[in-house]
Amino acid sequence: MKGETWAEIRRLRFGEVLSLSEIARRLYIDRKTVRQALYSEVCPAPAQLAKASKLDRYKSYIGERLKVYPGINSVRLLGELRRLGYEGGISILKEYLGRMRPGKHEAFLRIETLPGEQAQVDWAHCGTIRAGGGVRKLSAFVMVMSYSRKMYVEFTVSQSLEDFLGGHVRAFRYFGGVPKKLVYDNLKSVCLARVGSDIRFNPRFLEFSGHYLFEPVLCRPARGNEKGKVESGIKYLRGSFLDGRAPEDFDERRAALSGWLEEVANRREHGTTGMQPAVRFLEEAARLRPLPVREPDVAIVRAAQATSQALVSFDANQYTVPHVYARKTVTVKATEAEVNIFYKSRSVAAHRRNYGRGIIIENPSHYAGLLALKKAARSAKRSDAFLGLARGSAEAQAMLEAYMKGLLGADIEVHGHLERILKQAAQYGCTEVLQAVGQALKYSAFSADYIENLIARNRAARGERESEPISIPSRPDWERATVQERDLAAYDRIYEEEHNEPGPTKPTEP
């Protein structure tokens, strides 16, 4: 209340003795304001005068520039003002320009359509969502029937063409039919290129529309009002369902959305039609085109290379295949719920689709054969190494085969004993092991324990010291390296040959 008003109210009341209603009528104010002034003995403080702005001395220059260049950029104008000595910031400049050149507000006609005539489609960006321990971008596919405003929404973690077409399939199934026209923004999934009225549609999308017999209609560029019904639906989705929602994972969010569509979104009284979308939809349900007998295949199909661990990457996760397909090129075919993997048109693996990130989805049976194969390969490798101690000698080969047969007949874990015997060979040499094996074979002593004891006894009898095994922790593969043992008898033969050579002959005397 201004001080002048306060003073005039008191004058009319106490000076001219007018009623509160008459004072309010004369001054065009509310009776509450009159009563407030009469109860107050103190005149209201005058409003503070606006402070001088750093921009005041430059406003005439700005006005002249706007006359010549009405659309001049605030950053460009700020540079010019700086050169003239302006020390203020860009915020007050932008605010002043906003008052000087208010934006143009175009009026639009409200467009209504006949029942079953049209639906509008768009993507909505919905932030992020927790999925399988990771975080992924969340999108919503939204389709709104233009007449009834009944809407269909589903969440996805991508905006791929396959997700886009799959959203249509499930929306048509939800509505029980297909509208005659569908209105889109200039999405890449629909329109590859556009020059004026010349439109190049995505071929796969055209094939899809031909299957369902609807007409795709594109909005004019920068004319979002032409699909205002779906824009309003997205705004309602954010305000009624997404905003203020507690953190959830992807599956929980999708389950909650289904209930919200049925119980809230399509049961509310719509602000424009004044009716529930589900009730008004009854008028257009019968006018929709019937669904085709066969739904089109909109699964995601990708070629992939299985790793050496029989893993196939798809959508930020890895899925197992049987080990026999390791390092082979396969085909991944993914639907909303499943991931199927094919090798040469034959299905080799099927998994429930996981929407997380960095997760390995396993089928234990894919590794069962691999474990048996690896175990057999390790066993064969130990057996070959044991028989290889013969170094080509037929006699030693027969002896080692006989000893292995005895090990197999004993009630022991054979390959563990072979491993211990091979360690003895690596430490003391093949000759020591062959000697011990021959002695053990005479007494039918089939065990690594006997071989170790015999080697220790033989070495002690020769007065040889016990040697410690060499361990190289940083390079365990070096411990498994073998060096061919040489036959030391060759050095004896060389020594004998040197000493048995005849000396120089003496010249015969005449």
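Given the structure is predicted, the values throughout are model-derived calculations rather than measurements.

Pairs can form between side chains of opposite charge once their charged atoms are near each other. Taken as a whole and assessed by the stated rule, the structure comprises 23 salt bridges. Glu64 is the salt-bridge partner of Lys67, the closest N and O atoms lying 3.7 Å from each other. Taken together, the residues span about one helical turn, with Lys67 and Glu64 both in helix 4 (residues 59-68) at a distance of three residues. Residue Glu64 is classed as partly exposed on the basis of its relative accessible area, which comes to 46%.

In this section: the packing of helix 5 (residues 74-83) against helix 6 (residues 90-100). For the pair helix 5 and helix 6, the least separation of the axes is 10 Å and the interaxial angle reads 120 degrees. Here helix 5 is positioned oblique relative to helix 6, judged by the angle of their axes. For the pair helix 5 and helix 6, the crossing hand works out as right-handed. Touching Ser74, Val75, Leu77, Leu78 and Leu81 of helix 5 are Ile90, Leu93, Lys94 and Leu97, all from helix 6.

Across the 14 residues that make up strand 1 (residues 118-131), a large majority, 10, are buried. As judged from the 11 bridges shared by strand 1 and strand 2 (residues 134-145), these two strands associate in the antiparallel manner. Directly across from His125, in strand 2, lies its bridge partner Ser139. Between strand 1 and strand 2, which follow one another and run antiparallel, lie two residues, and Gly132 among them has a positive phi close to 60 degrees.

Our focus in this paragraph is the packing of helix 9 (residues 228-242) against helix 10 (residues 250-265). Look at helix 9 against helix 10: their axes get within 11 Å of each other, and the N-to-C directions meet at 110 degrees. Between helix 9 and helix 10, the crossing angle belongs to the class labelled roughly perpendicular. Mapping the contact onto sequence places Tyr236, Leu237, Ser240, Phe241 and Leu242 in helix 9 and Arg253, Ala256, Leu257, Trp260, Val264 and Ala265 in helix 10.

On to the sheet that holds strand 4 (residues 181-184). With mixed pairing, five strands are arranged side by side in an open sheet as 3-2-1-4-7. The outermost strands of the open sheet, each flanked by one partner alone, are strand 3 (151-156) and strand 7 (215-218). If you compare each strand with its neighbour and ignore which way they point, the axes differ by 30 degrees on average. Packed on one face of the sheet, helix 9 meets strand 1, strand 2 and strand 3 and runs near 30 degrees to strand 1.

Of note, Arg149 is a non-glycine position whose phi angle comes to about 70 degrees, a positive value. Here Arg149 lies in the loop between strand 2 and strand 3. Given the relative accessible area of 7%, Arg149 is considered buried.

Moving on, we come to the environment of Leu93. Relative to the assigned elements, Leu93 resides in helix 6. The class for Leu93 is buried, based on a relative accessible area of 0%. Separated by 18 residues in the primary sequence, Leu93 and Val75 place their C-alpha atoms 9.3 Å from one another. Discounting residues that sit within four places of it in the chain, Leu93 has contacts with Leu55, Ile62, Ser74, Leu77, Leu78 and Leu81.

This next bit is on the confidence of the model for the protein. When pLDDT is averaged along the protein, the result is 82; 83% of the residues meet or exceed 70. When pLDDT is averaged over each element of the protein, strand 3 comes out on top at 96 and helix 17 (residues 476-479) at the bottom at 50. Segment residues 505-510: pLDDT under 50, and zero contacts once partners within four positions in sequence are set aside and those in other chains are kept.

The next thing to look at is the sheet that holds strand 10 (residues 317-320). One open sheet accounts for three strands, arranged 9-10-14; its pairing is mixed. In this open sheet, the two edge strands, each paired with only one partner strand, are strand 9 (311-314) and strand 14 (360-361). The sheet contact formed by strand 9 and strand 10 spans four bridges and is antiparallel. Bridge pairing in strand 10 links Leu311 to Thr320.

Next up on the list: helix 8 (residues 203-212). Looking only at helix 8, the buried set comprises Phe205, Phe208, Ser209 and Tyr212. The buried residues of helix 8 all sit within an arc of 95 degrees when viewed along its axis, so they share a single face. What points out from helix 8, more than 90 degrees from its buried face, is the exposed set Pro203 and Glu207. Buried positions along helix 8 lie against helix 7 (161-175), strand 4 and strand 7.

Counting residues in hydrophobic clusters, the biggest one holds 29 residues, and the most contacted among them are Met143, Phe164, Tyr184 and Phe214. Broken down by secondary-structure element, the contributors of at least two residues to this core are strand 1, strand 2, helix 7, strand 4 and helix 8. When residues in this core are grouped by element, the largest group, seven residues, is from helix 7. Contact partners of Tyr184, with chain neighbours within four places excluded, come to Val121, Phe164, His168, Val190, Phe205, Phe214, Pro216, Val217, Leu218, Cys219 and Lys227.

All right, on to the packing of aromatic side chains then. Overall, the coordinates contain 21 aromatic pairs when judged by the stated rule. Relative to Tyr174, the ring of Tyr152 has its centre 5.3 Å away and its plane inclined at 45 degrees; by these criteria the two rings are tilted. Residue Tyr152 is located in strand 3, and its partner Tyr174 is located in helix 7; the two are separated by 22 residues in the primary sequence. Tyr174 gets classed as partly exposed once you look at its relative accessible area, which sits at 24%. Chaining the aromatic ring pairs together yields one cluster made of Trp123, Phe141, Phe164, Phe172, Tyr184, Phe205, Phe208, Tyr212 and Phe214. Taking the ring centre of Phe281 as reference, the NZ or CZ of Lys150 above it sits at 4.5 Å. One residue, Arg280, lies across the ring of Tyr147, its end atom 3.9 Å from the ring centre.

Definitions and cut-offs
Residues numbered from 1 in each chain as written. Predicted model: local features only at pLDDT ≥ 70, side-chain atom pairs only at ≥ 80, totals over all residues. Heavy atoms only, no water. Salt bridge = Lys/Arg side-chain N within 4 Å of Asp/Glu carboxyl O. Helix = DSSP H or I, 4+ residues; strand = E, 2+ residues; numbered from the N terminus. Buried < 20%, exposed > 50% of the residue type's maximum accessible area, 1.4 Å probe, protein only. Axes fitted to C-alpha atoms, helices over the stretch in contact; angles between N-to-C directions. Parallel < 35°, antiparallel > 145°, perpendicular 65-115°, else oblique. Left-handed = near helix turned anticlockwise from the far one by under 90°. Contact = heavy atoms within 4.5 Å. Pairing = 2+ DSSP bridges. pLDDT = per-residue confidence, 0-100. Arc of directions from axis to C-beta. Core = buried A, V, L, I, M, F, W, Y, C linked by side-chain atoms within 4.5 Å. Phe/Tyr/Trp six-rings, centres within 6.5 Å; stacked < 30°, edge-to-face > 60°. Lys NZ or Arg CZ within 6 Å of the ring centre and 35° of its normal.

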